[in-house]
Amino acid sequence: MTGGGRLHPFTLLAIAAALPALAWILPAPSGGLAMATIALGLAASRGLRPGLRPAVLTAAPFWLFLLLLHDVPTTIAIGLRITTMVASFVWLVATLEPARLVEAMIAAGWSASIAYLLAATLSAVPVLKARARRIVEAQRCRGLSPRGGIAARLRALRALALPLVLSALHEVDERALALETRGLVPGIRRTPLAPPPDPAVEQAARWALLLACLAALARRFIVPRFI
Amino acid sequence: MRSLTLDHASFWYPATASPALRDVSLEVVQGEVVALVGALGAGASTLLLVAADLAPRVIGGRLTGTVARRDRSGIVLPTPWTQASGMAFTVWDEVAFGPANLGWPAHEIARQVDRALERLELVPLASRDPVTLSGGELQRVIIAAILAMDPGLVLFDEPAAELDAEGARTLWRLIRLLASEGKAVLLATSALDAIPDVADRVVWLEDGAVRAVGTPDLLADVAACDAGLGTSVATVWRASGLPPPYPLTVAHAVQRWR
């Protein structure tokens, strides 16, 4: 597996959190550029379709709006930071296996309900994509094509949005019921089945990332006062 | 010994004026299989949700009367794809999801999961990704997942809906086996022809209320056949204009014919 897929889930989360944090803390635009390059590189390591393309396509509208609202230097500074956030999240979603995250959190003593909630949030994007694909296919069967001009695409988007949102809301109820039937109730002490290994080097790397963020924060806000 | 007792239970779904269950009194004892039959909307699924302590606790609504459960219950919902955890990459892990939530030791989880997989003839699929399974296979996985939690009261809502004929036969045999092990089974099914071989008692629900309770012979009753709740043999007998009492099974029909 490429792009860090076998890393401990906490390490993946730490990387995905540290990159945007550093992008915002480090001086613009060089800090943002460095972090965006790393985040886009990680996203690209998952492949063009699941990684780089969604990251770029999601970040692009932000650049457009920033350009309309700000001057070029500000657009570049904020755009790089937002790109880092987007690319980090896309990489995380494409890399982190929700089941491994649950196992890691349970092994670390977290509540099973919270672990499941976090994992379900991270897996929401692919689930919604699959649901949207099914809705579009169903609508195609009834003659509504999502292709064509802008007007046709907007019509198709409107026809997609409502069933997508309503079915997602309905599924929340269904899943709550289903998880109850599977014993996932508040206050349980779940047995970890296969907790992912957490090597000392990864634990050290997570501390290093935290220290790097704190050091960058100190350099940015504390040190200048004493100079 | 009683596993489940409903005493004058009525249940209203949220924001509804009329009850989905009306004044239902019912007992299910250990080692017994009780089948719930009725038209769509008769209240069988609702009764199972109440028996499983999911209604009103999880889905909301209002319950009157009393519901007493002696054993931990496990319910198989009619839509297996919504009951999957979504957190497992193999069938084995999917089946183990529930037992792990019960906090059992790992060796006990492994024992129960292996046993459930064997019972549902799922051992060859143990390492498959659940998302690659057919509807029938996933149905069997979910049944195995519930049985692996070792419930004393097992509630089935249309468990054969996704199964082929052979899968359904395996399930009916398994339900009898569960009863022989002392589990109480409450089964809502529209597979009326299977009931004479599976159930000890039949509860006929109509508009949320119990209309009749009896042995599976109830499914050859004239009123049940008139309501579309007769077995195939009884229904054909009736449609042929032959006089009641209608035979329940092919064996009964042959006996009558001779």
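The residue numbers shown here count from 1 along each chain, following its written sequence. Think of it this way: whatever chain is written first is A, whatever ligand is written first is 1, and the rest follow in order. Local features in a predicted model are, by the rule used here, given only for residues with pLDDT of at least 70; side-chain atom pairs are given and counted only at 80 or more, and totals for whole chains, interfaces and linings are based on all residues. Based on all heavy atoms of the structure, the side-chain values leave hydrogens and waters out of the count.

1. Quick look at the overall build of chain B
The cut-off we apply is this: Counting from the N terminus, the helices are the DSSP runs of H or I reaching at least four residues and the strands are the DSSP runs of E reaching at least two. We compute the radius of gyration over the C-alpha atoms and compare it with the globule rule, which gives 2.2 Å times the number of residues raised to the power 0.38. Burial here depends on accessible area, computed with a 1.4 Å probe over protein chains only, as a share of the maximum for the residue type. Under 20% is buried, over 50% is exposed, and the range in between is partly exposed. In this analysis, two residues are considered to be in contact whenever any of their non-hydrogen atoms come within 4.5 Å of each other.
Helices and strands together make up the secondary structure of chain B, namely ten helices and nine strands. In terms of overall dimensions, chain B is globule-like: its C-alpha atoms have a radius of gyration of 19 Å, near the 18 Å expected for 258 residues. Viewed in the frame of its principal axes, chain B has a C-alpha envelope of about 60 × 45 × 35 Å. Of all 258 residues assigned to chain B, the portion counted as buried reaches 52%. Sequence-distant contacts, at least 24 apart, represent 63% of the contacts inside chain B between residues at least 6 apart.

2. Side note on the interface of chain A and chain B
The cut-off we apply is this: Take the accessible area each of two parts loses on contact, using a 1.4 Å probe, and add the two losses: that sum is the buried area. Should a side-chain nitrogen of Lys or Arg be within 4 Å of a carboxyl oxygen of Asp or Glu, the pair is scored as a salt bridge.
Taken residue by residue, the interface counts 24 residues in chain A and 29 residues in chain B. Summed over both sides, the interface of chain A with chain B buries roughly 2,100 Å², with 64% coming from carbon and sulfur. By the criterion of area lost to chain B, the three top residues of chain A are Leu177, Thr181 and Arg182 of chain A, representing 35% of everything that side buries. Linking chain A to chain B there are two salt bridges. Salt-bridge contacts for Glu180 of chain A lead to Arg57 of chain B; the nearest nitrogen and oxygen are separated by 2.9 Å.

3. Focus: the sheet that holds strand β3 (residues 33-37) of chain B
For sheets, the rule is that strands pair by backbone hydrogen bonds, running either parallel or antiparallel. All names here are of chain B. Rules: Pairs of strands are assigned from DSSP output, requiring at least two bridges between the strands. Structural elements are reduced to axes, namely lines fitted to C-alpha atoms, with helices fitted over the stretch in contact, and the angle between N-to-C directions of any two is expressed from 0 to 180 degrees.
The six strands lie next to each other as β5-β6-β7-β3-β8-β9, forming an open sheet whose pairing is mixed. On the outer flanks of this sheet lie β5 (73-76) and β9 (209-214), each paired with one strand and no other. Taken over all neighbouring pairs, the strand axes of this sheet differ in orientation by 20° on average, direction set aside. As defined by bridge partners, strand β6 (residues 153-157) adjoins strand β7 (residues 184-188) across five bridges and the pair is classed as parallel. Its bridge partner lying in β7, Phe156 is registered against Leu187.

4. Quick look at the domain arrangement of chain A
Let me state the cut-off plainly: The split of the chain into domains comes from an automatic or database domain assignment.
Each assigned domain of chain A is listed here: domain 1 (9-96) and domain 2 (111-186). Inter-centroid distance (C-alpha atoms) of domain 1 of chain A to domain 2 of chain A is 25 Å.

5. Considering the packing of helix α2 (residues 30-45) of chain A against helix α3 (residues 48-69) of chain A
All names here are of chain A. Short version of the rule: Between 65 and 115 degrees an angle is taken as roughly perpendicular, under 35 as roughly parallel, over 145 as roughly antiparallel, and anywhere else as oblique. Here the term charged refers only to Asp, Glu, Lys and Arg, the term nonpolar to Ala, Val, Leu, Ile, Met, Phe, Trp, Tyr, Cys and Pro, and the term polar to all other amino acids, Gly among them.
Packing of α2 against α3 leaves a shortest axis separation of 5 Å and a crossing angle of 135°. Taken together, the axis directions place α2 and α3 in an arrangement best described as oblique. Along its contact with α2, which presents Leu40, Ala43 and Ala44, the element α3 presents Gly51, Leu52, Ala55 and Val56. Here the contact of α2 with α3 is built from residues that sort into six nonpolar, one polar and no charged.

6. Regarding the nonpolar core
Put simply, the rule is: Buried Ala, Val, Leu, Ile, Met, Phe, Trp, Tyr and Cys residues that are joined via side-chain atoms within 4.5 Å together make up what is termed a nonpolar core.
Val37, Val95, Phe156, Leu171, Trp172, Ile175 and Ile195 of chain B are the most contacted members of the largest nonpolar core, which has 60 residues in total. When residues of this core are assigned to domains, at least three fall in each of domain 1 (2-216) and domain 2 (217-258) of chain B. In this structure, Ile82, Ile188 and Cys213 of chain A together with Met87 of chain B belong to the second largest nonpolar core, which totals 37 residues.

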